[in-house]
Amino acid sequence: MTPLLSVRDLSITVSTPEGELPIVSDMTFDLAEGETLGIVGESGSGKSLLALALIGLLAPGARAFGSIRFRGEELVGLDDAAFCGLRGRKIAMIFQEPMTALNPTMRIGDQIGEMLRLKGSGRREAREAALSLLDRVRLAHARQRIDAYPHELSGGQRQRVLIAIALAGGPDLLIADEPTTALDVTLEAEILTLLSELVREERMALIMVSHDLGVIARATARTMVMYAGARLEEGPTAMVLGRPLNPYTEALLAASPASLPEGKRLERPRQRLAVIPGAVPAFSTLPPGCRFAGRCSRHQPDCDAGEPPWRDFPDGRGVRCIHTRANEAPA
């Protein structure tokens, strides 16, 4: 069956005074209709840039190479006018910071209704539909707040407005870029539950971008781990978080607070969280071999000889590492 989204050998470069700088390299993955995929990694791993490439919102100076096919249509090289026909209607995005994503000079009802009016609804019809969407995302007292400006709402309320805007076009694919970063734990749980219910009810595919393993565990069935612009591991979320193959995934789990859902908690005694030594390398000074080699507890001389090849396994997992633990790797 043809996947909803098919990414092959995708690379993203950014123009700098020193020339083209590779930020994302050799990304390959598929997403089926209704499937949920989490993309996780430290800040600076290229997660958000990858998400922006999927919806055609790369900044000037950034260029994508390779292939992104959505329902069989090639998106790499697609002009902005054609992308506008997809954004909102077929692919929608919930941005990381609602206060900067929302227009501060427009009432929230008008911002939700804008997509509906582009689809042909009249002003009154769009307003009623916007009100229905606000009710659907559980914005309390929606009828009283539909004429509010973004600054009059709390962070959680603004995030619900962004979700309503994303739903307005009836997309097949929803991309959520760190949608709970600015929220407290209670609101985070409410937003994740809401997103899960909406994805299930609308049969949308979901890509959840986050640095929080707990968020990924709650929201997605499959997980891809990124580091310094490359994917290092991918597979069913329960396997990736329960029996990681890549030492970077192991290090992320060791550095994560035990806040995963029941059944997916990290099994370890109470102790200080581990720290991954060093930092994500600058894209201008990537090492010649494995990108994680300088911070890896399993580092050996052959790790520096060249970038490890990607290996797929029969159980649906894949990894980029030449020193995967033999007793953990599938046959």
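Residues numbered from 1 in each chain as written. Predicted model: local features only at pLDDT ≥ 70, side-chain atom pairs only at ≥ 80, totals over all residues. Heavy atoms only, no water.

Heads up, the condition is: UniProt positions are given in the numbering used here, feature names are shortened, and annotations may be inferred rather than shown by experiment.
Per an unreviewed UniProt entry, the protein carries the name Peptide/nickel transport system ATP-binding protein and comes from Consotaella salsifontis. Under the UniProt heading Subcellular location (unreviewed entry), the entry covering the protein gives this text: "Cell inner membrane". What UniProt records for the protein under Sequence similarities (unreviewed entry) is the sentence "Belongs to the ABC transporter superfamily."

**Structural notes on the overall build of the protein**
Keep this limit in mind: Labels follow the DSSP assignment, with helices taken as runs of H or I lasting at least four residues and strands as runs of E lasting at least two, numbered in each case from the N terminus. When accessible area is computed with a 1.4 Å probe and restricted to protein chains, residues below 20% of their type maximum are described as buried, those above 50% as exposed, and intermediate ones as partly exposed. Whether two residues are in contact is decided by their heavy atoms: any pair within 4.5 Å suffices. To be clear on the numbers: accessible area is Shrake-Rupley with a 1.4 Å probe, and residue cover counts the displayed protein chains and nothing else. The sign given to each residue is positive for Lys and Arg and negative for Asp and Glu; His and the chain ends receive no count. Just so you know, the charge point we use is NZ for Lys, CZ for Arg, CG for Asp and CD for Glu.
Assigned secondary structure in the protein consists of 11 helices and 12 strands. By principal-axis analysis of the C-alpha atoms, the protein measures approximately 65 × 45 × 40 Å. Residues counted as buried form 49% of the 331 residues belonging to the protein. Taking the contacts inside the protein whose residues are at least 6 apart along the sequence as the reference set, 64% of them involve residues at least 24 apart. About 15,500 Å² of surface is accessible on the protein, with carbon and sulfur atoms providing 52% of the total. For the protein, the centre of its 38 positive side-chain charges and the centre of its 41 negative side-chain charges are spaced 4 Å apart.

**Topic: unusual backbone geometry**
Positive phi values are uncommon outside glycine, yet D9 reaches one of about 50°. Mapping D9 onto the fold places it in strand β1 (residues 5-16). If you check the backbone angles, R138 has positive phi at about 65° while not being a glycine. As for its placement among the helices and strands, R138 is situated in the loop between α5 (123-136) and α6 (142-145). Classification of R138 as partly exposed rests on a relative accessible area of 45%.

**Observations concerning the sheet that holds strand β4 (residues 62-70)**
Two modes of strand pairing occur in sheets, parallel and antiparallel, and in both the strands are linked by backbone hydrogen bonds. The condition that has to hold: Should DSSP find at least two bridges between two strands, the strands are taken to pair. Between the N-to-C directions of two axes lies an angle of 0 to 180 degrees, each axis being a line fitted to C-alpha atoms and, for a helix, fitted only over the stretch in contact.
Strands sit in the order β2-β1-β4-β5 across an open sheet of 4 strands; the sheet is antiparallel. Pairing within the sheet leaves two strands with one partner each, and these edge strands are β2 (19-31) and β5 (73-74). Sheet topology note: the β4/β5 ladder contains 2 bridges and is antiparallel. Pairing of R69 across the sheet is with E74, part of β5. Against the sheet, helix α1 (residues 47-54) makes contact with β1, β2 and β4, and its axis sits at roughly 115° relative to β1, the strand it touches most.

**Some details on the packing of aromatic side chains**
Rule in force here: Paired rings are identified among Phe, Tyr and Trp, the last through its six-membered ring, by centres lying within 6.5 Å, and are further divided according to the angle between planes into stacked (under 30 degrees), edge-to-face (over 60) and tilted (the rest).
For the structure on display, the rule yields 3 aromatic pairs. Ring plane angle 80° and centroid distance 5.2 Å describe the contact between Y227 and F292, whose orientation is recorded as edge-to-face. Of this pair, Y227 sits in strand β9 (residues 222-227) while F292 sits in the loop between α11 (247-254) and β11 (311-312), placing them 65 residues apart in sequence. The class of Y227 is buried, set by a relative accessible area of 0%.

**Describing the side chain of S45**
Stated formally: Here a polar contact is recorded for every N or O atom pair within 3.5 Å, except that within protein the pair must consist of a potential hydrogen donor and a potential acceptor, and residues adjacent in sequence are included only if both atoms are side-chain atoms.
With respect to the helices, strands and loops of the structure, S45 is situated in the loop between β3 (36-40) and α1. Classification of S45 as buried rests on a relative accessible area of 0%. A polar contact of 2.7 Å, which involves the side chain of S45, links it to the backbone oxygen of E42. When residues no more than four places from it in sequence are discounted, the contact partners of S45 are M226, Y227, A228, G229 and Y248.

**Considerations on the nonpolar core**
For clarity, the threshold we go by: By nonpolar core is meant a set of buried Ala, Val, Leu, Ile, Met, Phe, Trp, Tyr and Cys residues that side-chain atoms within 4.5 Å join together.
Residues L134, I163, M208 and F292 are the most contacted members of the largest nonpolar core, which totals 59 residues. Ranked by residue count, the leading element in this core is helix α7 (residues 155-168), at 7 residues. Every residue in contact with M208, bar those within four places of it in the chain, is listed here: L37, G38, I39, A176, P179, L192, L195, V215, I216, A219 and T220. If you look at the next biggest cluster of nonpolar residues, it comprises 33 residues, including L37, I68, F83 and M224.

**Observations regarding the pattern of salt bridges**
Note the following rule: A side-chain nitrogen of Lys or Arg and a carboxyl oxygen of Asp or Glu constitute a salt bridge if their distance falls within 4 Å.
This model, assessed by the stated rule, comprises 18 salt bridges. Here R69 ties to E74 by a salt bridge, and the two come within 3.8 Å at their closest N and O atoms.

**With respect to the UniProt feature "domain: ABC transporter" (unreviewed entry) in the protein**
Per the UniProt record, the feature "domain: ABC transporter" (unreviewed entry) sits at residues 7-253. When the span residues 7-253 is considered, its composition is 40% helix and 27% strand, and the gap between its end C-alpha atoms is 27 Å.

**Quick look at the pairing of strand β10 (residues 230-236)**
Of all 7 residues in β10, 6 are buried; the element is thus mostly enclosed. Pairing analysis gives 6 bridges linking β9 to β10, with the strands arranged antiparallel. Counterpart to Y227 in the pairing with β10 is A230. Here β9 hands over to β10 after 2 residues, with A228 in that stretch at a positive phi of 50°. As paired elements, β10 and strand β12 (residues 318-319) share 2 bridges and run antiparallel to each other. By the bridge assignment for β12, E234 is matched with G318.

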